[in-house]
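If you want the building blocks of each chain, they are given just below.
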Amino acid sequence: MIQADDLIKIYKTRTGKRIAVNGVSFHVKEGEFFSFLGPNGAGKTTTIGMMVALLSPTSGRIKIDNLDVTKYPHEVRQRIGIIFQDPSLDDRLTAWENLEFHGRLYGIPGPARKKRSEFLMEVMGLSDRRHDLVRTFSGGMKRRLEIVRGLVHAPRLLILDEPTLGLDPHSRRNVWEYIHTVRKEVGMTVFLTTHYLEEADGSDRVAIINQGKIVALDSPERLKKSLGPEVLILKVQDKEAFRNYLFDCYPSITEAIREEEGGQLSFPMPQERAESPWEFLRSLPFPILEASIRRPNLDDVFIRYTGQGLADGGQGKNSGGDQ
């Protein structure tokens with residue numbers, strides 16, 4: 001469904017040039033749920049812009065459904081649905097009027113437009129509000145309506161750019177239940193960017209982009225297993241001294257050390273040590289105030305490959321605008 005090969009995007013600046021995307025390649029199979037993660041400034045937005053024919057690559061090629069995006073932008077846009085993170089509904093229209101307007105722009109015949117709109121409104125739990133002005137909707141309802149609108153023209157690929165940003169946990173969970181229901185009902189490929197790693201954890205595969213390059217690409221489970229079987233969470237008296245000790249003695253975990261809530265430090269069990277975690281802890285030349293063990297999660301993976309947590313909002317070493 002998606003074939004991106006050696007994509008490069010260079011922007012001209014007043015002082016020279018900036019490479020936003022630097023040799024990105026990935027393929028997404030038909031029907032796959034694929035997540036694309038990265039800190040702000042990593043190249044996510046630029047890559048999506050090239051996928052939907054809003055930006056032209058400096059070099060490289062991208063195909064959607066076997067169509068070259070640069071050569072056939074109109075045909076590609078007919079095959080994709082896009083849910084951007086910024087609201088794009090007309091809140092002076094009703095929910096139904098928004099769908100009618102969108103469907104007419106795509107040239108969908110009246111009977112097909114009506115049938116599909118009614119089906120999607122039912123699946124998304126919006127049927128009883130179809131004739132209400134969008135301005136009266138809650139944030140969660142607006143996101144669900146945007147998803148309905150993005151699916152009215154029966155896209156083969158649904159691109160979700162932060163689809164639940166700003167929603168409360170209950171609304172986020174509901175939106176994802178609806179997305180998965182529609183995905184099973186109509187069958188389509190889903191391409192997701194998100195700051196909520198639990199949403200990406202249900203993907204078939206995850207790609208992590210950092211500083212314009214793909215730095216990891218695999219299933220969530222394989223990526224987590226690549227860190228090892230355990231993550232240690234420790235509370236020590238002198239965090240900086242302990243962190244420096246880990247940096248000096250165990251370079252394999254340097255990028256994966258993070259500070260948890262409550263001032264604890266977490267890091268994968270060093271690959272240089274073959275003994276059990278508890279034997280490793282007993283060997284440390286530092287007093288340990290508290291200790292626990294858990295399995296690695298996607299946030300640990302993200303930190304390992306980017307040096308910051310996704311929830312940091314890009315305020316780490318790669319900040320500078322989500323391009």
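Quick notes on the rules
Residues numbered from 1 in each chain as written. Predicted model: local features only at pLDDT ≥ 70, side-chain atom pairs only at ≥ 80, totals over all residues. Heavy atoms only, no water. Helix = DSSP H or I, 4+ residues; strand = E, 2+ residues; numbered from the N terminus. Buried < 20%, exposed > 50% of the residue type's maximum accessible area, 1.4 Å probe, protein only. Areas by Shrake-Rupley, 256 points an atom, 1.4 Å probe, with all protein chains shown as cover. Lys, Arg positive; Asp, Glu negative; His and termini not counted. Charge placed at Lys NZ, Arg CZ, Asp CG, Glu CD. Axes fitted to C-alpha atoms, helices over the stretch in contact; angles between N-to-C directions. Left-handed = near helix turned anticlockwise from the far one by under 90°. Contact = heavy atoms within 4.5 Å. pLDDT = per-residue confidence, 0-100. Parallel < 35°, antiparallel > 145°, perpendicular 65-115°, else oblique. Salt bridge = Lys/Arg side-chain N within 4 Å of Asp/Glu carboxyl O. Pairing = 2+ DSSP bridges. Phe/Tyr/Trp six-rings, centres within 6.5 Å; stacked < 30°, edge-to-face > 60°. Lys NZ or Arg CZ within 6 Å of the ring centre and 35° of its normal.

Asker: Describe the overall build of the protein, listing the residues and the values that go with them.
Answerer: Of the regular secondary structure elements, the protein holds 11 helices and 14 strands. Reported as C-alpha extents along the three principal axes, the dimensions of the protein are approximately 75 × 45 × 35 Å. Considering the protein as a whole, with its 323 residues, one finds that 49% of them fall into the buried category. For the protein, the computed accessible surface area is about 15,500 Å², with 48% contributed by carbon and sulfur atoms. Here the protein holds 45 positive side-chain charges and 44 negative ones, and the gap between their average locations is 6 Å.

Asker: Go over the packing of helix α4 (residues 110–123) against helix α5 (residues 139–151) with me, naming the residues and quoting the values.
Answerer: Two numbers describe how α4 lies on α5: the axes approach to 10 Å, and their chain directions differ by 150 degrees. Judged by the sense of rotation from one axis to the other, the crossing of α4 with α5 is right-handed. Contacts between α4 and α5 involve Arg116, Leu120 and Met121 from the former and Leu145, Val148 and Leu151 from the latter.

Asker: Any chance you could break down the confidence of the model for the protein for me, citing the residues and the numbers?
Answerer: Of the residues in the protein, 95% reach a pLDDT of 70 or more, and the chain-wide mean stands at 88. By mean pLDDT, the top-scoring element of the protein is strand β4 (residues 59–64) (97), and the lowest-scoring one is helix α6 (residues 169–186) (81). Across residues 313–322, where pLDDT falls below 50, the model places 26 contacts with residues more than four positions away in sequence or in other chains.

Asker: So what about the packing of α5 against α6? Which residues, and what values?
Answerer: Following both chains from N to C, one finds α5 and α6 inclined at 20 degrees, their axes separated by 9 Å at the closest point. Viewed along their axes, α5 and α6 adopt a mutual orientation that is roughly parallel. As for how α5 packs across α6, the hand of that crossing is right-handed. Note on element contacts: α6 touches α5 through Ser171, Val175, Tyr178, Ile179 and Val182, opposite Gly140, Arg143, Arg144, Ile147 and Leu151.

Asker: Go over the side chain of Arg172, please, and point to the residues and values.
Answerer: Looking at the element boundaries, Arg172 is found in helix α6. Ignoring sequence-local partners within four residues, the contact set of Arg172 consists of Thr164, Leu167, Tyr196, Glu198 and Glu199.

Asker: Residues and numbers for the pattern of salt bridges, please.
Answerer: Per the stated rule, a full pass over the model turns up 23 salt bridges. One salt bridge connects Arg130 with Glu118, and the closest N-O pair in it is separated by 4.0 Å. Residue Arg130 is found in the loop between α4 and α5, and its partner Glu118 is found in helix α4; the two are separated by 12 residues along the sequence. The network of salt bridges with common partners includes Glu30, Asp65, Arg79 and Arg156.

Asker: Help me get a handle on the pairing of strand β11 (residues 231–236), residues and values and all.
Answerer: Within β11, five of the six residues are buried, which leaves it mostly tucked inside the rest of the structure. Strand direction decides the pairing type here: β11 and strand β13 (residues 265–268), joined by four bridges, are antiparallel. When the bridges of β13 are listed, Ile233 appears paired with Ser266. Strand direction decides the pairing type here: β11 and strand β14 (residues 288–294), joined by six bridges, are antiparallel. Paired with Lys235 across the bridge in β14 is Glu290.

Asker: Lay out the packing of aromatic side chains with the relevant residues and their values.
Answerer: The final tally for this structure, using the stated rule, is 13 aromatic pairs. Between Tyr245 and Tyr250 the ring centres are 6.3 Å apart and the planes differ by 75 degrees, which places this aromatic pair in the edge-to-face class. Residue class for Tyr250 comes out buried when judged on its relative accessible area of 6%. Among the aromatic residues, those joined into a cluster by ring pairs are Phe242, Tyr245, Tyr250, Phe267, Phe280 and Phe286. The lysine or arginine in question, Arg172, covers the ring of Tyr196, its NZ or CZ lying 3.6 Å from the ring centre. Above the face of the Tyr305 ring, Arg304 is positioned so that its terminal group lies 5.4 Å from the ring centre.

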